[in-house]
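Observations on the three-dimensional arrangement
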Amino acid sequence: MRALVVTEPGRFSLERVEDPAPGPREVVVAPSAVGVCGTDLHIIDGEFAPTPYPIVPGHEFAGTVVALGAEVTGLAVDDRVAVDPSLFCGACSKCVVGRGNLCESWNAIGVTGPGACAELAVAPAASCYPIPEHMPFSHGALIEPLSCAVHGFDLLPGRVGEHYLVYGAGTMGLLMAQLARSAGAASVSVVDPNKDRLAVAASLGADAVAPGPDELDRRDWEVVVDCTGVVAAIEDGLTRVARGGTFQVFGVAPAEATASFSPFRVYNDEITVVGSMAVLHSYGRAVDLMAKGVVDADAMVTDTFALDGFGDAVDAFRAGRGRKLQINPQL
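Residues numbered from 1 in each chain as written. Predicted model: local features only at pLDDT ≥ 70, side-chain atom pairs only at ≥ 80, totals over all residues. Heavy atoms only, no water.

**A short note on helix α4 (residues 171-182)**
Note the threshold: Only DSSP runs of H or I covering at least 4 residues are called helices, and only runs of E covering at least 2 are called strands; the numbering of each starts at the N terminus. Each helix should span, by expectation, one fewer than its residue count multiplied by 1.5 Å. Using a 1.4 Å probe on the protein chains alone, a residue whose accessible area is under 20% of its type maximum counts as buried, one over 50% counts as exposed, and one in between counts as partly exposed.
An ideal rise of 1.5 Å per residue puts 16 Å on 12 residues; α4 measures up with 17 Å between its terminal C-alpha atoms. Of all 12 residues in α4, 10 are buried; the element is thus mostly enclosed. G184 sits one or two positions beyond α4 and adopts a positive phi of about 100°.

Have a look at this one:
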């Protein structure tokens, strides 16, 4: 089969590799939509420590089941599925207390093992969620980032009637903003230097958008979420949290990055600072939310590339062109 292989940091190519075979409790999926995200760029650039090389990337995906392992039940060939890429050991100290996303042996399809930027991909049957016939595969591939956003909301206060500020109007910022609106926020403000992305945020229901917080009418917000991973945005966002409010580090910053903040203000204003790592008991709920139309997937997915267009997709992502970019390995 054809597969996109990152051979080493900074180098990738389209290659012929052996077709995968499923283990007893695995299935083989023919991916029809694979999202490109910031993690993929970190993998390509050699900035994601757990990743071994060579590797086939692609962890946001949906497709059709084409083969079953001997012990698989509950799925059939030709089933349409979205796949949760997170793989937990189930036995470490974090897994046994229900914190599998912090697994001491954490793995993920397309991150630490072969992914979906290929004509065929293997996944545990338990990680495959059937999607409705009416749901396009492009929407199904958006379920993984949505499930990350759902987990992020699990870690927020969950009070209705509060004011939200979201840094970044990329895929994750737009998803978080839409979830906040659906969850009963009093207002949702989005900041991003990209005017085209701000226009999309406004069209998806953001109450206020601007290149920066100083251009908004409010001065503080009960919930501030950084979806950029940019240190300057994180440092600024911490100053925008209302007393007693919550700041969430949702975007992925480089591992060596550091940010400055006022410990006194965190103490004196009782600011809660919380991280959000990947997916935890949230994928199934994201499937239901996507099926219900809680987020506007059509507005999110703007471009689809064939496998041999992976480089063009990466270039577009780096340049900030489009919104969610996807690969269709079947083209």
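**Observations regarding the pairing of strand β17 (residues 324-327)**
Cut-off, in case you're wondering: Two strands make a pair as long as DSSP finds a minimum of two bridges between them.
Neither face of β17 is open: one carries K324 and Q326, the other L325 and I327, and all of them are buried. For strand β16 (residues 301-305) and β17, the ladder comprises four bridges, and the chain directions are parallel. Opposite D303, over in β17, you have L325 as the bridge partner.

**A closer look at the sheet that holds strand β11 (residues 187-191)**
As a reminder, the rule being used: Axis definition: a line fitted to C-alpha atoms, over the contacting stretch in the case of helices. Angles run 0 to 180 degrees between N-to-C directions. Contacts: residue pairs with any heavy atoms within 4.5 Å of one another.
If you trace the six strands from one edge of the open sheet to the other, you get β12-β11-β10-β13-β14-β15, paired in parallel fashion. Here the strands that pair on one side only, and so sit at the sheet edges, are β12 (208-210) and β15 (272-275). The mean angle between the axes of side-by-side strands here comes to 15°, regardless of whether they run parallel or antiparallel. Along the sheet, α4 contacts β10 (163-167), β11, β13 (221-226) and β14 (241-249); its crossing angle with β11, the most-contacted strand, is approximately 170°.

**Let's talk about the pattern of salt bridges**
The condition that has to hold: Any carboxyl oxygen of Asp or Glu that lies within 4 Å of a side-chain nitrogen of Lys or Arg is treated as forming a salt bridge with it.
This structure, assessed with the given rule, holds 11 salt bridges. The residue D45 makes a salt bridge to R318 at a minimum N-O spacing of 2.8 Å. Here the residue D45 occupies a position in the loop between α1 (38-44) and β4 (60-68), and R318 occupies one in helix α10 (residues 310-319), the gap between them amounting to 273 residues. Look at D45 and you get partly exposed, because its relative accessible area is 32%.

**What to know about the packing of aromatic side chains**
The geometry of an aromatic ring pair is captured by the separation of the ring centres together with the interplanar angle, meaning the angle of the planes. To keep things clear, this is the line we draw: Stacked, edge-to-face and tilted are the three classes for Phe, Tyr and Trp ring pairs, Trp counted by its six-membered ring, which pair at centre distances within 6.5 Å; planes under 30 degrees apart are stacked, over 60 edge-to-face, the rest tilted. When the NZ atom of lysine or the CZ atom of arginine is within 6 Å of a ring's centre and also within 35 degrees of its normal, the charge is said to sit over that ring.
Applying the stated rule across the entire model yields four aromatic pairs. Plain terms: the ring middles of F12 and F310 are 5.2 Å apart, the flat faces sit at 85° to each other, and that makes the pair edge-to-face. Placement of the pair is F12 in strand β2 (residues 11-16) and F310 in helix α10, with a sequence separation of 298 residues. When its relative accessible area of 30% is taken as the criterion, F12 is described as partly exposed. For F310, a relative accessible area of 2% translates into the label buried. Ring geometry for Y129 against Y283: centres 4.9 Å apart, planes inclined by 40°, an arrangement best described as tilted. You can see Y129 sitting in strand β9 (residues 128-130) and its partner Y283 sitting in helix α8 (residues 283-292), a full 154 residues away along the chain. Residue class for Y283 comes out buried when judged on its relative accessible area of 2%. In this arrangement the basic side chain of R80 is found over the ring face of F137, its NZ or CZ atom lying 4.4 Å from the centre.

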